[in-house]
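Spelled out, the chains give:
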Amino acid sequence: MSLRKVQSEVSFENEFVETLTKNGWTHNTSLDRATPKELENHFREILNQNNRDQLNGVDITDNEMQEIMRQISGKTPTEINNFLTKGYVAELTIARDNPELGKVNLKVFWRDDIAGGRMRYEVIQQALRPGKTDDISDPDRRFDVTLLFNGLPLIQVEEKALDVNLKQASNQIIKYKSENKYDGLFATVQIFVALKETAVKYFANEKSANMFNEKFFFSWLDNKNKVVSGWEQFTEEFLRIPMAHNIISNYMVSDGEILKVLRPYQIHAVKAIRDSAMRHEDGYVWHATGSGKTLTAYKTATLIQRDPHNQVIFMSDRTELDNQSGKNFSNFAHNSDDTIFETRSTHELIDMLKKSKNGVITTTINKMKIAIERNNERHQEGKKGPLDKVIGNKRFIFIVDEAHRSQFGQMQRIIKQAFPNQNWYGFTGTPIFDFNKTPEDQTTESQFGKELHRYNIGNALNDHAILDFNAEYVTLVTAQNKDTEDLETESNLPDSVYEGTSEEAQQYRNKLVKWIYKNWTRKSEHRQFNALLATSNIDQALAFYKLFKEANKEKKNPIKIAVTYSINENGENNRMQRAGLIEAMKDYSLQYSNAENTWNIDNIDIYIDDVAKRTARNEGPYQVLKPEQEIDLTIVVNRLLTGFDAPRLNTLYMDKVMKYQGLIQAYARTNRLNSKDKTQGNVVVFRRPELMEARTKDAFEKYAGEGSFNRVFRKDFKQMQAQFKEQIDGLKAYVPTPENAEDLINGTEKEQIEFLGRFKSLSKTQHYISSYSEFDWNEQADDYNMSNDEYLYYQSAYQNVREKLKEDVPGDGPEKNDLKFDFDDVYITNMVIDRDYVLTIATKSMKEKNDKQARKEYEEIISKYRKAGKTVEADNIERFIESEKATGQIFDDKYDVITRYTTYIANLKNDAINDFADEWGIDKLLLKRLVSSYESTGEFTHEKEVKRTAKKSVAEANGHSFLNLLNYKGVIQNEWRKFISQDLKKFGDN
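These figures come from a predicted structure and were not determined experimentally.

**Q** Can you walk me through the overall build of the protein chain in this structure?
**A** For the protein chain, the helix and strand inventory stands at 37 helices and 23 strands. Seen through its principal axes, the protein chain has C-alpha atoms that stretch 105 × 100 × 65 Å. When burial is assessed residue by residue, the protein chain has 52% of its 990 residues classed as buried. Across the protein chain, the fraction of contacts at a sequence separation of at least 24, relative to all contacts at a separation of at least 6, is 71%. As presented, the protein chain carries roughly 44900 Å² of accessible surface, and 46% of it is formed by carbon and sulfur atoms. Charge-centre separation for the protein chain: the mean point of 139 positive side chains lies 3 Å from the mean point of 152 negative side chains.

Shown next, in the form of structure tokens:
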């Protein structure tokens, strides 16, 4: 094995730039180390060259260039993207200085003229981003490598040496963003690249530094989903021309204020379908559920629709998915030149087709089928059909999402017979194969043609595009064999023990409801996430609804429930199902609108839509619901189990037997990416758990690849216990006690990193194992050789050692964080003992001052609190208690210790701020505003006003000396930052 030679960043950068020049880029050495003004002049020169006819021989003046820069620098990343891609050519309109010349539209960027004569692609190094000479928080910076598209810096690259963690490159970019270095021409940056010799990440620019999310920093994959870790291959595949231009023009999208760049597999899929469409060949894309098929389909549809001879129709298999897809498409298309036509009825669909306007139509397969049937009915009457003209004049491209209904084949045939010029492309997370083909003997390939691109569940997990699953198989039903007196095997149990009116079924439902209540906080991550309960039929769904409704009456923290299903058309079942839904809608109306009939049988579709949106919590006002307006648990039969996008849903409770694609589709509701707190999708199976475990393994082996089950699902509880115990033993072998770990603050860097690494691994396992219903730390502490309290003490040591290690890294620039390790993604467990609890115990000891047991309890609690890392807060509480005792007051039932302590700390903090202001000659009110701003945002704002009003003479009178006024302002800025970020910590909860 050969060892890779470690290059310096400079030599690596030079080699990187040389490689770019072999892939369509020109190294403009005259702009290396360029100032902002030099880059603006270069951009101005290109504008003059590309717009000679429009400028009528009169080059852009200084005033006109200022207006151009004002327009560009004032845009957000999404606004820049809309500007660049809204039409064939991006133009800026300015008024000429000479009124006789009027206004002029300056051509800036050609969206589709990739590598054409009007586009110039240049690479430059070490562009200067100057800071302010009188502001220590705004130093000069240099950007490693910048890629210019007609003078616009649309891609910016930061490199790191081989032995530095790649994350430090992205951290550096985010730091520059927080320092407002991406202004002027650099406001146009669309994509960032973090690069080292053996790893690469790319990600989209954001409006502000706090909007960046590491989950959307992507590694590049080749067409077979293999990670491209080498920088040379990445450069040749991603940054080469025309690909880099394509990324900007075709593979980005604005979603509200968020700029998105497509993931690699999305790019490969879009390209595969477009290439297939050019050959007039059909096909399908197999992309894992939850991996962003809607965005991929949108980009595919709109890019193909750019040809006015095409009519793209995006079809879903049912109304709620059509509504969701249509809304998503419209959001993506906002402020672009892509047009989306949502159709709410067959009449609207026919009308839109007749108008033949250029744009993507979203509808359902059923509406499309009915439209064709109505057209055929006119033919049978001997008349012209309303769609005859458009059917013959355009090429129809049908893009279908998750077409798994058994009747799809029949509907597709009716549609296909009507169009002479058509192509079909399917998107699916679970293709139909021979082993699970439809009743009509159809597979996905027989319906759509060959597979064009694959990115299955295994690929998505490897790529961190979706989360792992944690499945529990819970046995609630047992029965004894009358002949042998042994427990009956699960396969011999009749369905009547799970559903219906039997005593066994009623016991099963009661046990299931109790199990969910008992584990609700654990599974919902302290009520951050919601869940589905999938039932076998409508009667079962209603039975569960009534049980939860009754149980909620006795609960302090009830689980807010809703139920949704499709009513059968006729018979006694219809009457009972209607009655059950009427009751549920009345309850729902009272819960969410304080009225009885907001949702009723007459507007049932609106009710169904509201339940779906309130469960998903990802659209419009539903994103910011107050806790009392959220649904915790939605009871379903078939609804919401396929194609339903709800990132804040993390648990599926299964009272339902499923297999193959239906099972995977249902499970996949739970493992969409969301916040850092969502680390897995939970599945809890109650009905026939042995059968469902076997079917789950079989389904995932078929759809994620051989041996995938163990990669897709977390270990069972006993295996996780063994891993947890092994990691605890490993930690204690290195640092036997939390005190030993705390001592590592004074240890070597190597010792500190070893401890941090071991605890990081343990913290992840602790987070995962705590989600299992069988985990009980209090009962199992002896088995693990560690109590929960002891774990928290180790956690405190971890936090302290980590901070000490960061402080010891030399330097004060962005390179200060060039650590060779990454310990930021550790799951920090909240303490059971908090400040209010300690104060309550302290109050008890003051009330019962002669009670030795009360005093002992207080001393033990304050000691635990201190050992858990709350040293400063513990000292504050002890001083507060002593000061309270000294007042001689009576500690009766009216005594409010929380308010008293809060006031005590606030007064101490206020005195400290006043003293600091008096010492350094700073306005007290302005300093307090600066403190409040920092505490709420983590950033120093309004500093200019503090500097402007500061009095150097006051600071000098207090013994401080300065070279001049400029030096004074730099010194006090440094001092107040240290005071606010460090000294005032003693008045927090540290």
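**Q** What's the story with the confidence of the model for the protein chain in this structure? I'm lost.
**A** Reading fine detail from the predicted coordinates is not recommended where pLDDT is low. Across the protein chain, the average pLDDT comes to 89, with 94% of residues at 70 or higher. In the predicted structure, residues 1–6 sits below a pLDDT of 50 and forms six contacts with residues beyond four places in sequence or in another chain. Here residues 810–819 is modelled with pLDDT under 50, and outside its nearest four sequence neighbours on either side it reaches 22 contacts, counting other chains as well.

**Q** I would appreciate a short explanation of the pairing of strand β9 (residues 252–255) in the present structure.
**A** For a regular strand, side chains alternate in direction, first toward one face of the sheet and then toward the other. As paired elements, β9 and strand β10 (residues 258–261) share four bridges and run antiparallel to each other. Residue Val-253 lies in a different strand from β10, and its bridge partner there is Lys-260. Linking β9 back to β10 in an antiparallel pair, the connection comprises two residues, with Gly-256 at a positive phi of about 65 degrees.

**Q** What is the right way to look at the packing of aromatic side chains in this model?
**A** Counted under the stated rule, the structure contains 67 aromatic pairs. Centroid distance Trp-220 to Phe-238: 5.3 Å. Interplanar angle 70 degrees. Geometry classified as edge-to-face. On the criterion of sequence distance, the pair formed by Trp-220 in the loop between β8 (199–204) and α7 (231–239) and Phe-238 in helix α7 is long-range, its members being 18 residues apart. Between Phe-775 and Trp-777, the aromatic rings sit 5.8 Å apart at their centres with planes inclined by 65 degrees, giving edge-to-face as the arrangement. Comparing Phe-775 with Trp-777, the two get one shared label, buried.

**Q** Looking at this structure, I do not really get the packing of helix α32 (residues 871–886) against helix α33 (residues 897–920). What am I missing?
**A** Each packed pair of helices is defined by two parameters, the angle between the axes and the distance between the axes. Close contact between α32 and α33 brings their axes to 11 Å; oriented N to C, the two are set at 105 degrees. Taken together, α32 and α33 sit at an angle that is classed as roughly perpendicular. Listed contacts from α33 to Glu-873, Asn-876, Ile-877, Arg-879, Phe-880, Ser-883 and Glu-884 of α32 are Val-897, Arg-900, Tyr-901, Tyr-904 and Ile-905. Here the contact of α32 with α33 is built from residues that sort into six nonpolar, two polar and four charged.

**Q** Is there a simple way to think about the sheet that holds strand β18 (residues 468–473) in this case?
**A** Remark on secondary structure: sheet strands pair via backbone hydrogen bonds, oriented parallel or antiparallel. Strands sit in the order β18-β23-β22-β19-β21-β20 across an open sheet of six strands; the sheet is parallel. Across the chains shown, the open sheet's two edge strands, defined by having one partner strand only, are β18 and β20 (561–564). Pairs of neighbouring strands in the sheet enclose a mean axial angle of 20 degrees, with direction left out of account. Two elements, strand β19 (residues 530–535) and strand β21 (residues 633–636), share four bridges in a ladder whose sense is parallel. Across the sheet, residue Ala-534 finds its bridge partner in β21, namely Val-636.

**Q** Please clarify how unusual backbone geometry should be interpreted in this entry.
**A** Most peptide bonds adopt trans geometry, and most residues besides glycine take a negative phi value. In this chain, Ile-241 is followed by Pro-242 through a cis amide linkage whose omega measures 20 degrees. Summarising the element assignment, Pro-242 is placed in the loop between α7 and α8 (243–250). One non-glycine residue with positive phi stands out, namely Arg-617, at about 55 degrees. Tracing the sequence through the fold places Arg-617 in the loop between α21 (604–616) and β21. For Arg-617, a relative accessible area of 4% translates into the label buried. The residue Arg-688 is not glycine, and still its phi comes out positive at about 45 degrees. Structurally, the position occupied by Arg-688 is in the loop between β23 (680–685) and α23 (689–704).

**Q** What am I meant to see in the pattern of salt bridges here?
**A** Any two side chains of opposite charge can pair if their charged atoms end up close together. Enumeration over the complete set of coordinates arrives at 53 salt bridges. The partner of Glu-943 in a salt bridge is Arg-977, with the nearest N and O atoms 2.8 Å apart. With Glu-943 in helix α35 (residues 943–949) and Arg-977 in helix α37 (residues 965–981), the pair connects residues that are 34 residues apart, well separated along the chain. Here the salt bridges do not stand alone but share partners, grouping Arg-111, Asp-112, Arg-306 and Asp-337 into one network.

**Q** For this particular structure, what's the right way to read the packing of helix α9 (residues 264–278) against helix α10 (residues 293–305)?
**A** Axis separation between α9 and α10 bottoms out at 9 Å; the angle between their running directions is 35 degrees. Classified by chirality, the crossing of α10 by α9 is right-handed. Contacts between α9 and α10 involve Gln-266, Ala-269, Val-270, Ile-273, Arg-274 and Ala-277 on the former and, on the latter, Leu-295, Thr-296, Lys-299, Thr-300, Leu-303 and Ile-304.

**Q** For this particular structure, what's the right way to read the nonpolar core?
**A** The nonpolar side chains of a soluble globular protein tend to be buried, and buried together. If you look at the biggest cluster of nonpolar residues, it comprises 100 residues, and the most contacted ones within it are Ile-68, Phe-149, Ile-155, Tyr-202 and Phe-234. Listed in part, the 66 residues of the second largest apolar core include Phe-396, Phe-408, Tyr-667 and Phe-709.

**Q** Could you clarify how one ought to interpret the side chain of Thr-300 in this entry?
**A** In this fold, Thr-300 is placed in helix α10. With residues up to four places along the chain from it excluded, the contact list for Thr-300 reads Val-270, Ile-273, Ile-399 and Phe-427.

**Q** Would you take a moment to explain the pairing of strand β14 (residues 360–364) for this structure?
**A** Of all the five residues making up β14, five are buried; the element is thus mostly covered by neighbouring parts of the structure. Every second residue of β14 is oriented toward a common face, with Val-360, Thr-362 and Thr-364 on one face and Ile-361 and Thr-363 on the other, all of them buried. As paired elements, strand β12 (residues 310–316) and β14 share four bridges and run parallel to each other. Looking at β14, one finds that Phe-314 is bridged to Thr-362.

**Q** Looking at this model, I keep getting lost on the sheet that holds strand β6 (residues 152–159). Mind explaining?
**A** The mixed open sheet is built from six strands, whose spatial order is β1-β4-β5-β6-β7-β8. Every other strand in the sheet has two partners, leaving β1 (26–27) and β8 as the edge strands with one partner each. Sheet topology places β6 next to strand β7 (residues 191–196); five bridges connect them, and they run parallel. For Glu-158, the partnering residue across the bridge sits in β7 and is Ala-194.

**Q** Which parts of the structure should I look at to understand α10?
**A** Since one α-helical turn is 3.6 residues long, residues separated by three or four positions face the same way. Over its 13 residues, α10 extends 18 Å from the first C-alpha to the last, a length consistent with the 18 Å expected when each residue adds 1.5 Å. When you tally the buried positions in α10, you get twelve out of 13 residues, the bulk of the element. Listing the buried residues of α10 in full gives Lys-293, Leu-295, Thr-296, Ala-297, Tyr-298, Lys-299, Thr-300, Ala-301, Thr-302, Leu-303, Ile-304 and Gln-305.

**Q** I keep staring at a negative patch on the surface and nothing clicks. Help me out?
**A** Among the surface-exposed residues, Glu-15, Glu-18, Glu-232 and Glu-236 lie close enough to one another that they form a single negatively charged patch. The set of elements that each furnish at least two residues to the negative patch consists of α1 (9–21) and α7. Checked against the element boundaries, Glu-15 lands in helix α1. On the accessibility criterion, Glu-15 (36% relative accessible area) is partly exposed.

**Q** Is there a simple way to think about the environment of Tyr-298 in this case?
**A** By secondary structure assignment, the location of Tyr-298 is in helix α10. A residue is classified by how much of its surface remains accessible, and Tyr-298, at 1% relative accessible area, is buried. The spatial distance from the C-alpha of Tyr-298 to the C-alpha of Ile-399 is 9.7 Å, given a sequence separation of 101 residues. In this structure, Tyr-298 is in contact with Val-253, Phe-329, Phe-332, Ala-333, Ser-336, Asp-338 and Ile-340, ignoring residues within four places of it in sequence. A polar contact is formed between the side chain of Tyr-298 and the backbone nitrogen of Ala-333, at a distance of 3.5 Å.

Cut-offs used in this document
- Residues numbered from 1 in each chain as written.
- Predicted model: local features only at pLDDT ≥ 70, side-chain atom pairs only at ≥ 80, totals over all residues.
- Heavy atoms only, no water.
- Helix = DSSP H or I, 4+ residues; strand = E, 2+ residues; numbered from the N terminus.
- Buried < 20%, exposed > 50% of the residue type's maximum accessible area, 1.4 Å probe, protein only.
- Contact = heavy atoms within 4.5 Å.
- Areas by Shrake-Rupley, 256 points an atom, 1.4 Å probe, with all protein chains shown as cover.
- Lys, Arg positive; Asp, Glu negative; His and termini not counted.
- Charge placed at Lys NZ, Arg CZ, Asp CG, Glu CD.
- pLDDT = per-residue confidence, 0-100.
- Pairing = 2+ DSSP bridges.
- Phe/Tyr/Trp six-rings, centres within 6.5 Å; stacked < 30°, edge-to-face > 60°.
- Axes fitted to C-alpha atoms, helices over the stretch in contact; angles between N-to-C directions.
- Parallel < 35°, antiparallel > 145°, perpendicular 65-115°, else oblique.
- Nonpolar A, V, L, I, M, F, W, Y, C, P; charged D, E, K, R; others polar.
- Salt bridge = Lys/Arg side-chain N within 4 Å of Asp/Glu carboxyl O.
- Left-handed = near helix turned anticlockwise from the far one by under 90°.
- Core = buried A, V, L, I, M, F, W, Y, C linked by side-chain atoms within 4.5 Å.
- Expected span 1.5 Å × (residues − 1).
- Patch = residues over 30% accessible without salt bridge, like charges linked within 9 Å, V, L, I, M, F, W, Y side chains within 5 Å.
- Polar contact = N/O pair within 3.5 Å; in protein donor to acceptor, adjacent residues only side chain to side chain.

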